[in-house]
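Structure at a glance
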Amino acid sequence: MRGIFAAGVLDVFLEQRFRPFDLAFGVSVGASNLLSYLAGQHGRARRCFLGQMSRPEFLDPWRAVRGGHWMDLDWLWDAITREDPLDCEAAAASGVEYALVATCARTGQPRYLAPEAERMLDALKGSCALPVLYRGVVRFAGEELVDGGISDPLPVREAYRRGARAIVVIRSRAADFVKRDRLVNRVGAWTMRRSPAVAHACRTAAAAYRDAVAFLQSPPADCAVVHVAPFTALATRRTSRDRAALDRDYALGRALGRAAIDEFERLRHGEPLDMVG
């Protein structure tokens, strides 16, 4: 649910016709936000957060106690397809190379998926299938996938490896946030104990996050990063559905989205950069 911050950033990008990108990565709910942006569907991501994603059919901790999904992606995919579908054809034809990040259940390694329009929703579900909250894996292109955030939560190194030298990063965590090893990682590892590679990825997820943050803080000399992040923790938590908090964080995303555009223009003109937050 913290992804509503990025929804605000990307809605402003659409309003300002700001799309200077050759390559775009999305991870977990960030992949959903990204595809709405590439499809030009202004406001769609916000509607999904405030609508389908705020319903108890999607998020229900008591259902998890009874052996079901805390986060029911299967219900969500059906509901959004009926009520506010992603324009997969437009996203695929955007002219921007894209990669949806998922984690291979067999190896625990990241997979950078670039599906055609007809398979886009399947790949997106794989990117979002967070262990513990969603019980199970998603099958795509002969592989079993889980959430990309446990193997490559901020794929800045992969972007750099592919040639990106001016990178815009949108984070839903505070600018100074550095992930530590937490109980949730150990619980995730235990939940996925029958998939040893995923269990290992859960245990090392915090280290992967710290490695990406290290890149953001000290990028290579030939790379500039526009870092869009709140100064403090968002009002919204991972599974919260408080409308006031969601509205506040969407508005914050809009404000920092406008600042990010200005910062990128400074980069184009060779001026020194500040972090946007």
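Everything that follows concerns the structure shown earlier in this document.
These numbers come from a predicted model, not from an experiment.

Now for the pattern of salt bridges. Under the definition given, this model contains 18 salt bridges. Across the pair Asp-122 and Arg-119 runs a salt bridge whose closest N-O atoms are separated by 3.0 Å. The closest approach of N and O atoms between Asp-222 and Arg-165, which form a salt bridge, is 3.0 Å. Of the two residues, Asp-222 is situated in the loop between helix H11 (205–217) and strand E7 (224–228) and Arg-165 in the loop between helix H8 (156–161) and strand E6 (166–170); the sequence distance between them amounts to 57 residues. A residue is classified by how much of its surface remains accessible, and Asp-222, at 42% relative accessible area, is partly exposed.

Together, Asp-87, Glu-89, Glu-116 and Glu-118 line one region of the surface with negative charge. Secondary-structure assignment places Asp-87 in the loop between helix H5 (73–83) and helix H6 (88–92). With relative accessibility at 33%, the residue Asp-87 sits in the partly exposed group.

Tracing the backbone shows Tyr-134 in the loop between helix H7 (120–128) and strand E4 (138–140). Taking the C-alpha atoms as reference points, Tyr-134 and Arg-173, 39 residues apart in sequence, are found 22 Å from one another.

Within this structure, the stated rule accounts for one cavity of 30 Å³ or more. Estimated volume of the largest cavity: approximately 40 Å³. Contributing to the lining of the largest cavity are Ala-7, Leu-10, Asp-11, Leu-14, Asn-33, Ser-36, Tyr-37, Gln-41, Gly-43 and Ala-45. Among the elements that take part in the lining of the largest cavity, helix H1 (residues 4–15) stands out by supplying four residues, more than any other.

With that settled, consider the packing of H5 against H7. Between H5 and H7, whose axes approach to 11 Å, the crossing angle comes to 140°. Our classification of the angle between H5 and H7 gives oblique. In the crossing of H5 with H7, the sense of the turn from one axis to the other is right-handed. Contact residues: H5 offers Leu-73, Asp-74, Trp-77 and Thr-81, while H7 offers Leu-121, Leu-124, Lys-125 and Cys-128.

Parameters at a glance
Residues numbered from 1 in each chain as written. Predicted model: local features only at pLDDT ≥ 70, side-chain atom pairs only at ≥ 80, totals over all residues. Heavy atoms only, no water. Salt bridge = Lys/Arg side-chain N within 4 Å of Asp/Glu carboxyl O. Helix = DSSP H or I, 4+ residues; strand = E, 2+ residues; numbered from the N terminus. Buried < 20%, exposed > 50% of the residue type's maximum accessible area, 1.4 Å probe, protein only. Patch = residues over 30% accessible without salt bridge, like charges linked within 9 Å, V, L, I, M, F, W, Y side chains within 5 Å. Areas by Shrake-Rupley, 256 points an atom, 1.4 Å probe, with all protein chains shown as cover. Lys, Arg positive; Asp, Glu negative; His and termini not counted. Charge placed at Lys NZ, Arg CZ, Asp CG, Glu CD. 1 Å grid on protein atoms, 1.4 Å probe; cavity = no way out; pocket = protein on both sides within 12 Å on 5 of 7 lines; lining within 4 Å. Points joined across faces, edges and corners; volume = space filled by probe spheres on them. Axes fitted to C-alpha atoms, helices over the stretch in contact; angles between N-to-C directions. Parallel < 35°, antiparallel > 145°, perpendicular 65-115°, else oblique. Left-handed = near helix turned anticlockwise from the far one by under 90°. Contact = heavy atoms within 4.5 Å.

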